[in-house]
Amino acid sequence: MYRYMLSLLHSCSFFPICFLLFYRADCPAQTSSPFRMVFWNVENLFDCEPDTLHNDREFLPGSLRGWHYGRYKKKLTDIARVVSALGEGTPPALVGLCEVENDRVIRDLVQYSPLKEWGYRYVMTDSSDPRGIDIALLYQRDRFSLLSWQAVPISDNKHSRSYRDILHVSGLLLSGDTLDIVVCHFPSRSAGRRETEAFRLTAARQVRSLADSLMAVRKLPGIVIMGDLNDYPHNRSVKEVIGAGIPDLPCFPDRLYHLLARKAKKQGYGSYKHQGEWGLLDHLIVSGSLLDPLRTVYTHEAYAHVAFLPFLLVRDNTYGGNKPFRTYHGMKYQGGYSDHLPVYTDLLFRE
């Protein structure tokens, strides 16, 4: 069913005049094979080695979680399986990942899991997060030529806390266009939504500042912001501070638009389930110039999805329906994939 629905989506087309008149339609025409971009919070990808600089004790052999090398290898294989499924036979061009412990786990993922056949390269942060979890971007270098990358720290003069860095990666597409990818993992809500909102607002201001800087130096900025923002599209950090609106005509090149915000309004739609309610914590936001169908490279909200792959879901016996098939529920090992579902979108190239 998953492949069937995507094939229907990719087969839709309109006459050029109709395309301009009805740009909000669900199935705009595609003119070439897609450049797929994925983001996924993989839920605690930790190795089995102690880190003297960070608190990773709960993911060591002999811990209450019972983490060991066999479970670690299975986790790598499971992540590779999901990335492969999302590529539908072709490796996604870009894969943003968060909740990854260090360089070793990403190296093991791209070199010693089934992903090794696809030759991914990667860049990643090395944040001051107390648990040591970071952000990474995998890329296909024949489709995305790396120009530069940086880990952008979040400065906060009001609160004494550590933030995960923002990962900013610039690359050249085959069309000759420059693409800027911003990968984020905002502070958690675990201590309470209201109690932690200020931290996410601080992170959002840093993302907005970075986007403004890019818009000031790029003639036609192609910006993609992806990440687990631990807020929903209607929350202040996303809607007001980052300024990610719903893509309605006209779309302005110097504004940001949320590819999943319209779909997120539907009941039962989201990347994360909390107390029986689905919500979108994982986001895909683009600059308005990427929504221009007359550009050589463009996208549309119809190409953006949450990956409701059947094997990523399990029956929710408490609230009904399905929920993400997690690796852990509390301290109990379930052997699943993650507590989040991946999100993805396609860029199209006009020939």
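Residues numbered from 1 in each chain as written. Predicted model: local features only at pLDDT ≥ 70, side-chain atom pairs only at ≥ 80, totals over all residues. Heavy atoms only, no water.

A.B. asks: Help me get a handle on the overall build of the chain, residues and values and all.
C.D. replies: A count of helices and strands for the chain gives 7 helices and 20 strands. Compactness check: the chain gives a C-alpha radius of gyration of 19 Å against a globular reference of 20 Å for 351 residues, within 12% of the reference. Referenced to the eigenvectors of the C-alpha coordinate spread, the extents of the chain come out at roughly 65 × 50 × 40 Å. Across the 351 residues in the chain, those meeting the buried criterion constitute 55%. A separation of at least 24 residues holds for 71% of the contacts in the chain among residues at least 6 apart in sequence. Within the chain, one finds 42 positive and 38 negative side-chain charges whose respective centroids are separated by 4 Å. (Helix = DSSP H or I, 4+ residues; strand = E, 2+ residues; numbered from the N terminus. Rg over C-alpha atoms; globule rule 2.2 N^0.38 Å. Buried < 20%, exposed > 50% of the residue type's maximum accessible area, 1.4 Å probe, protein only. Contact = heavy atoms within 4.5 Å. Lys, Arg positive; Asp, Glu negative; His and termini not counted. Charge placed at Lys NZ, Arg CZ, Asp CG, Glu CD.)

A.B. asks: Could you give me a rundown of the packing of aromatic side chains, with the residues and numbers involved?
C.D. replies: Scanning all chains against the criterion turns up 12 aromatic pairs. Here the aromatic rings of F59 and Y328 are separated by 6.0 Å at their centres, their planes lie at 90°, and the arrangement is edge-to-face. Of the two residues, F59 sits in the loop between strand 1 (35-45) and helix 3 (69-87) while Y328 sits in strand 18 (residues 328-329), which places them 269 residues apart along the sequence. Taken together, a centroid distance of 5.6 Å and an interplanar angle of 70° make the contact between W278 and F308 edge-to-face. Placement of the pair is W278 in strand 12 (residues 277-279) and F308 in the loop between strand 15 (305-306) and strand 16 (313-315), with a sequence separation of 30 residues. Connected via pairs of aromatic rings, a cluster forms that spans F46, F59, W67, Y328 and Y333. The residue whose ring lies beneath R71 is Y333, and the NZ or CZ to ring-centre distance is 3.8 Å. Sitting above the plane of the F311 ring, R81 keeps its charged end 3.9 Å from the centroid. (Phe/Tyr/Trp six-rings, centres within 6.5 Å; stacked < 30°, edge-to-face > 60°. Lys NZ or Arg CZ within 6 Å of the ring centre and 35° of its normal.)

A.B. asks: Run through the nonpolar core, naming residues and quoting values.
C.D. replies: F35, L179 and I181 are the most contacted members of the largest nonpolar core, which totals 72 residues. In contact with I181, not counting residues within four places along its chain, are M37, L94, L137, L167, H168, V169, V224 and M226. Counting residues in each nonpolar core, the second largest holds 25 residues, with I154, V182, F186 and I242 among its members. (Core = buried A, V, L, I, M, F, W, Y, C linked by side-chain atoms within 4.5 Å.)

A.B. asks: Give a detailed account of helix 4 (residues 103-112), specifying residues and quantitative values.
C.D. replies: Of the positions making up helix 4, those classed as buried are V105, I106, D108, L109 and V110. Where helix 4 is buried, its residues meet strand 1, helix 3, strand 2 (94-100), strand 3 (121-124) and strand 4 (134-139). Its side-chain oxygen at 3.1 Å from the backbone nitrogen of R104, N102 defines the N-terminal cap of helix 4. (Polar contact = N/O pair within 3.5 Å; in protein donor to acceptor, adjacent residues only side chain to side chain.)

A.B. asks: Explain the sheet that holds strand 10 (residues 256-258) to me, using residue names and the numbers behind them.
C.D. replies: In a beta sheet, neighbouring strands are held together by backbone hydrogen bonds and run either parallel or antiparallel to one another. Read across the open sheet, the 7 strands follow the order 5-6-7-8-13-10-9; overall the sheet is mixed. Two strands in the sheet have a free side with no partner beyond their single neighbour: strand 5 (144-152) and strand 9 (244-245). Of the pairings in the sheet, the one linking strand 9 to strand 10 comprises 2 bridges and is parallel in character. Bridged to G245 within strand 10 is Y257. (Pairing = 2+ DSSP bridges.)

A.B. asks: Outline the pattern of salt bridges, listing residues and values.
C.D. replies: Think of it this way: side chains of opposite charge can pair up when their charged atoms draw near. Per the counting criterion, the structure on display carries 19 salt bridges. The partner of K74 in a salt bridge is D78, and the shortest N-O contact between them spans 2.7 Å. Placement of the pair is K74 and D78 together in helix 3, with a separation of 4 residues, close to one helical turn. Accessibility expressed as a relative area gives 34% for K74, which makes it partly exposed. Judged by relative accessible area, D78 falls into the buried class, the value being 11%. R164 is paired through a salt bridge with D129; the nearest N and O atoms lie 3.2 Å apart. Here R164 is found in the loop between strand 5 and strand 6 (166-173), whereas its partner D129 is found in the loop between strand 3 and strand 4, with 35 residues between them in sequence. Ionic contacts of the salt-bridge type, sharing partners, join the residues R36, E88 and D346 into one network. (Salt bridge = Lys/Arg side-chain N within 4 Å of Asp/Glu carboxyl O.)

A.B. asks: Just give me the short version of the pairing of strand 20 (residues 343-349), but keep the residues and values in it.
C.D. replies: Most of strand 20 is tucked away: 7 of the 7 residues are buried. Neither face of strand 20 is left uncovered, since the one carrying V343, T345, L347 and F349 and the one carrying Y344, D346 and L348 both have all their residues buried. Pairing between strand 1 and strand 20: 5 bridges, direction antiparallel. Among the inter-strand pairings, F39 is bridged to a residue of strand 20, identified as V343. By the bridge criterion, 2 bridges tie strand 14 (residues 297-298) to strand 20 in an arrangement that is antiparallel. Along strand 20, the bridge assignment pairs Y298 with L348. Inspection of the sheet shows strand 15 paired to strand 20 by 2 bridges, in the antiparallel sense. In the strand pairing of strand 20, V306 is matched with V343.

A.B. asks: For the packing of helix 3 against helix 4, give the residues involved together with the corresponding values.
C.D. replies: Two quantities define a packed helix pair, namely the angle between the axes and the distance from one axis to the other. Where helix 3 meets helix 4, the closest approach of the two axes is 10 Å, and the angle between their N-to-C directions is 60°. Considered as vectors, helix 3 and helix 4 are oriented oblique to each other. Crossing hand, helix 3 versus helix 4: right-handed. Side by side, helix 3 and helix 4 meet where Y72, K73, L76, I79 and A80 of the first sit next to R104, V105, D108, L109 and Y112 of the second. In terms of residue class, the contact of helix 3 with helix 4 is made up of 7 nonpolar, no polar and 3 charged. (Axes fitted to C-alpha atoms, helices over the stretch in contact; angles between N-to-C directions. Parallel < 35°, antiparallel > 145°, perpendicular 65-115°, else oblique. Left-handed = near helix turned anticlockwise from the far one by under 90°. Nonpolar A, V, L, I, M, F, W, Y, C, P; charged D, E, K, R; others polar.)

Bear in mind that shape data such as this cannot, by itself, settle questions of function.
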